[in-house]
Amino acid sequence: MPDNTHNAHTQASTVLVKCHGDSEYTIPPVTMNSPWRWEMLLISLWIQVGAVPGIHCRDGTVNHLSREDILLLKDEQDPKCFTRTEEDFTCFFETADNNTYDLLYSPPEKRREMSVQRGEDGTFLHIYSFPERDVLLFVGMHLEVVEHNTNTSIYSRTVSVEDHLLVDPPFSVSLHHNGRAGQLQVSWQTNVMKYWKDYMRSMVRYFSKGLGEKTKEAKTGDILDSLAPGEEVEVQVKIKCAFNSDAGHWSRWSAPVRAVVPQSADDTSLTCYTTDLQNITCRWNRSRYGEENEYKLFYKMGLSEALGWTEWTKCLADRDLTELCRFRGDESRKIRVKLSSSSAPINRTFYTQDFTLNKSIKTSPPYHLRGALQKDRLCLKWEAPLLSLSAHLQYEVGYQIKESEAWMTVSLKGPETSACLEVPTGSQYSVKLRAKPNGSIYSGYWSDWSDVVTGDTPTDIGILLALVCIPVSMLIIALIFISMFSTYFSKLKHYFWPPVPDLDKVLQSFLTDINEPKWNPPITAKQCPEETTSSVVEIMSEDEVSELGKPSEESTQLLSPESLGIEIFPDYVTLNKDSVILCPNGNKYVYEDIGEKDALGARDELFQTCHCPSTDGSASLGSEFLNSSYLPQAEPADSFDCKFTSVRGPGNLYTNLPCS
């Protein structure tokens, strides 16, 4: 069936090709409107005339398809077609019946009967292999499948041979270390023609227990990263060749290859450092993955970005040192170290990060550490472990007060080789020291601890005395306080909580007096204002008293009571031998309601002469006598009606107290 897709105005070229042998055929016109058609036309000519080695013009047919080929093309449109050498071309499709089908294709326009192959699952494969002379590259070929008896069209499509290339899977797949933990470099080889190299695509599939299965598109020599360090990984590769990304067929997966993913040097405690900026020391733990493992150390140095790295060099360790190796380094170059175990069932490899000597310094411990007590402080002194780096070091002090206590650390930021610590008195101390680059220019690791320095701090007597005196003084103060508190407690108690009086006792006499019958005394009122006058007591003789007792007539008349209307009493008391004592019947200053009696009669009633007879002849006073000796008198002394003359007896002559 002719291809009518080309327009009449499209330029075309007809090429006559003669294959090896007697067969020859004509390549149909090729349109020149595609930018890559000229290149493809020349390639086709080279193939036909044998310019490309390995391609021949021979009549290859396919009589049998493997189950693997069928599965590779299961997603292809029917009829499914493929070529392996670009000189052969095979198309097939699968049915459940065993009918006869014919394949019609053009150019050249031909009709061919398809062969039948019995499938493994009871189906039937209808296969047709094109003769070599009918295999045309870069030419659209129209295919149609019809039933032989009814001539009914089943499938129809247009294909191009170069878009259906099915190549062999890659071989010699290998995995390499690239000097990084968790990474592997994959590479492989193929038998694809050179002109297909630029149009070849590759797919890598890798699997591990911890990571699972992943697939990624890659090229030979690419790096597989993000792998699980220390796990065994399985890798396979497949390829396809096509000018368009949607064309071509993927090959089968290659045979799987396995390798252990490199690990970090930290997994085996591998550390490398320098103590003098010249030699490098590497240590590791060989028992991490079993005592039977035997490790070998390799190193290489970076030359420059253009020259790359040197080859791996084996570190020659001493026979007695199974976990340590030393080699000489260079301060100006990067260094990379790997540790490999070859005797274990799984060959493990450990890589360090790239490092330089000035960033991997581990000095020896500080030495000549000594301490001295200054007052209440422990002052330490030591010497720097590396004099060339003394200005770039920092220190850390570890101290312990008692053996049972944990170590405490103090960081010292400066490069000084002395420091003072506060240490409690009366205790035993232990001190040690280590050094490390401060990171400004040089950096690295802490050195090992220096030798431990121990000592005792003396007990502070003042503090001891204070500790003893304080409890004693507190005890004395407490005793004093308790004694004072017991003494004044009752007083304080009465002060803050006064007792409530017993009303029965307080009011008992008062209520008794109220209940008794009483006479009502007259209302008293003072006749004269009460003035306090001074009283002078003068002792005089009897004669002087008699003279004073006789007033002159003139004065008597002028100052007589009758003329003044008041009673006059002298302002003094006359004491005589006769012991004449005036005994008033009542108190003039108290009782003023006397009635209308004359003054003389009132005086007689108020004052009576008291005679106190006694057995010894002395005068005594009655119990009802009122003492009014020192009150101002209203009458003179001679106004007393009666005189009591008695013989002096024992007692005080100058008192008016009652006689007993």
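Reading the values: rules and limits
- Residues numbered from 1 in each chain as written.
- Predicted model: local features only at pLDDT ≥ 70, side-chain atom pairs only at ≥ 80, totals over all residues.
- Heavy atoms only, no water.
- Helix = DSSP H or I, 4+ residues; strand = E, 2+ residues; numbered from the N terminus.
- Buried < 20%, exposed > 50% of the residue type's maximum accessible area, 1.4 Å probe, protein only.
- Contact = heavy atoms within 4.5 Å.
- Salt bridge = Lys/Arg side-chain N within 4 Å of Asp/Glu carboxyl O.
- Polar contact = N/O pair within 3.5 Å; in protein donor to acceptor, adjacent residues only side chain to side chain.
- Pairing = 2+ DSSP bridges.
- Disulfide = S-S within 2.5 Å.
- Core = buried A, V, L, I, M, F, W, Y, C linked by side-chain atoms within 4.5 Å.
- pLDDT = per-residue confidence, 0-100.
- Lys, Arg positive; Asp, Glu negative; His and termini not counted.
- Axes fitted to C-alpha atoms, helices over the stretch in contact; angles between N-to-C directions.

Engineer: Could you clarify how one ought to interpret the overall build of the protein chain in this entry?
Structural biologist: Counting its regular elements, the protein chain contains nine helices and 35 strands. Counting all 660 residues of the protein chain, 35% fall into the buried class. A sequence separation of at least 24 residues applies to 63% of the contacts in the protein chain between residues at least 6 apart.

Engineer: Looking at this model, I keep getting lost on the pattern of salt bridges. Mind explaining?
Structural biologist: When the charged atoms of two side chains lie near each other, side chains of opposite charge can form a pair. Applying the stated rule across the entire model yields 15 salt bridges. The partner of arginine 252 in a salt bridge is glutamate 68, with the nearest N and O atoms 2.9 Å apart. Highlighted residues: arginine 252 in the loop between β16 (232-241) and β17 (257-260) and glutamate 68 in helix α2 (residues 67-72), separated in sequence by 184 residues. Judged by its relative accessible area of 26%, arginine 252 is partly exposed. Measuring nitrogen to oxygen at the nearest pair gives 3.8 Å for the salt bridge that ties arginine 333 to aspartate 330.

Engineer: Looking at this structure, I do not really get the side chain of serine 208. What am I missing?
Structural biologist: With respect to the helices and strands, serine 208 occurs in strand β13 (residues 200-208). Its relative accessible area of 4% is what places serine 208 among the buried residues. Filtering out sequence-adjacent residues up to four positions away, serine 208 remains in contact with Glu231, Glu232 and Val233.

Engineer: What is the right way to read the environment of serine 390 from this model?
Structural biologist: With respect to the element layout, serine 390 can be found in the loop between β28 (377-383) and β29 (393-400). Spatially, the C-alpha atoms of serine 390 and threonine 417 are 9.0 Å apart, while their sequence positions differ by 27 residues. Beyond its immediate chain neighbours, meaning those up to four positions away, serine 390 contacts Ala384 and Pro415. For serine 390, the side chain forms a polar contact with the main-chain oxygen of leucine 387, separated by 3.0 Å.

Engineer: What is the right way to read the pairing of strand β19 (residues 271-274) from this model?
Structural biologist: As a general feature of sheets, a regular strand has side chains that alternate between the two faces. Pairing of β19 with strand β20 (residues 279-283), which is carried by four bridges, proceeds in the antiparallel orientation. Within β20, the residue paired with cysteine 272 across the bridge is cysteine 282. In textbook terms, the turn of a hairpin is the stretch between consecutive antiparallel strands, and for β19 and β20 this stretch comprises four residues, one of which, leucine 277, has a positive phi near 65 degrees.

Engineer: Where do I start with the state of the cysteines in this structure?
Structural biologist: Think of a disulfide as a covalent bridge from one cysteine sulfur atom to another cysteine sulfur atom. Applying the stated criterion across every chain, the model contains four disulfides. The disulfide partner of cysteine 315 is cysteine 325, and the S-S distance across this bridge is 1.7 Å. Because the torsion about its S-S bond is -100 degrees, the bridge between cysteine 315 and cysteine 325 counts as left-handed. Pair noted here: cysteine 315 is in the loop between β23 (313-314) and β24 (324-328) and cysteine 325 is in strand β24, with a separation of 10 residues, a long-range link. For the pair shown, cysteine 315 and cysteine 325 are each scored as buried. One disulfide bridge connects cysteine 379 with cysteine 420, the sulfur atoms lying 2.2 Å from each other. Here the S-S torsion is close to 100 degrees, and the disulfide linking cysteine 379 with cysteine 420 is therefore right-handed.

Engineer: Mind showing me how you'd approach the nonpolar core here?
Structural biologist: Core analysis: the largest hydrophobic core is formed by 41 residues, its most contacted members being Phe130, Leu143 and Val235. If you list the elements that add at least two residues to this core, you get β4 (90-95), β5 (101-106), β9 (141-147), β11 (171-176), β12 (184-189), β13, β16 and β17. At five residues, β16 tops the list of elements feeding residues into this core. When near neighbours in sequence (up to four residues on either side) are disregarded, valine 235 contacts Leu175, Val186, Val204, Arg205, Tyr206, Leu224, Ala255, Pro256 and Val257.

Engineer: Looking at this model, I keep getting lost on the confidence of the model for the protein chain. Mind explaining?
Structural biologist: Mean pLDDT over the protein chain works out to 74, with 63% of the residues at or above the 70 mark. Within the model, the stretch residues 1-60 combines pLDDT values under 50 with 91 contacts to residues more than four positions away or in other chains. Segment residues 550-569: pLDDT under 50, and 21 contacts once partners within four positions in sequence are set aside and those in other chains are kept.

Engineer: It is not clear to me how unusual backbone geometry should be interpreted in this structure. Could you clarify?
Structural biologist: Among all residues save glycine, negative phi is the norm, and among peptide bonds the norm is trans. Note that the residue after serine 106, namely proline 107, is joined by a cis bond; omega there is -10 degrees. The topology assignment puts proline 107 in the loop between β5 and β6 (110-113). The peptide bond linking proline 107 to proline 108 adopts the cis configuration, its omega dihedral lying at -20 degrees. In this structure, proline 108 sits in the loop between β5 and β6. Even without being a glycine, serine 172 presents a positive backbone phi close to 55 degrees. Looking at the secondary structure, you find serine 172 in strand β11. With relative accessibility at 46%, the residue serine 172 sits in the partly exposed group.

Engineer: Explain the side chain of aspartate 88 here, please?
Structural biologist: Tracing the backbone shows aspartate 88 in the loop between β3 (80-82) and β4. Notably, aspartate 88 is buried but unbridged: the nearest opposite-charge side chain belongs to arginine 84, and the N-O separation is 5.9 Å. At 3.4 Å, the side chain of aspartate 88 forms a polar contact with the backbone nitrogen of arginine 84. Those residues in contact with aspartate 88 that sit more than four places away from it in its chain are Phe82, Thr83 and Val135.

Engineer: Please explain the sheet that holds β29 as it appears in this structure.
Structural biologist: The strands making up a sheet associate through hydrogen bonds between their backbones, and the pairing can be parallel or antiparallel. Strand order in this open sheet of four strands is β30-β29-β32-β33, and the pairing throughout is antiparallel. On the outer flanks of this sheet lie β30 (408-412) and β33 (453-456), each paired with one strand and no other. Each neighbouring strand pair of the sheet contributes to a mean axis angle of 25 degrees, computed without reference to strand direction. With eight bridges connecting them, β29 and strand β32 (residues 428-437) associate as antiparallel partners.

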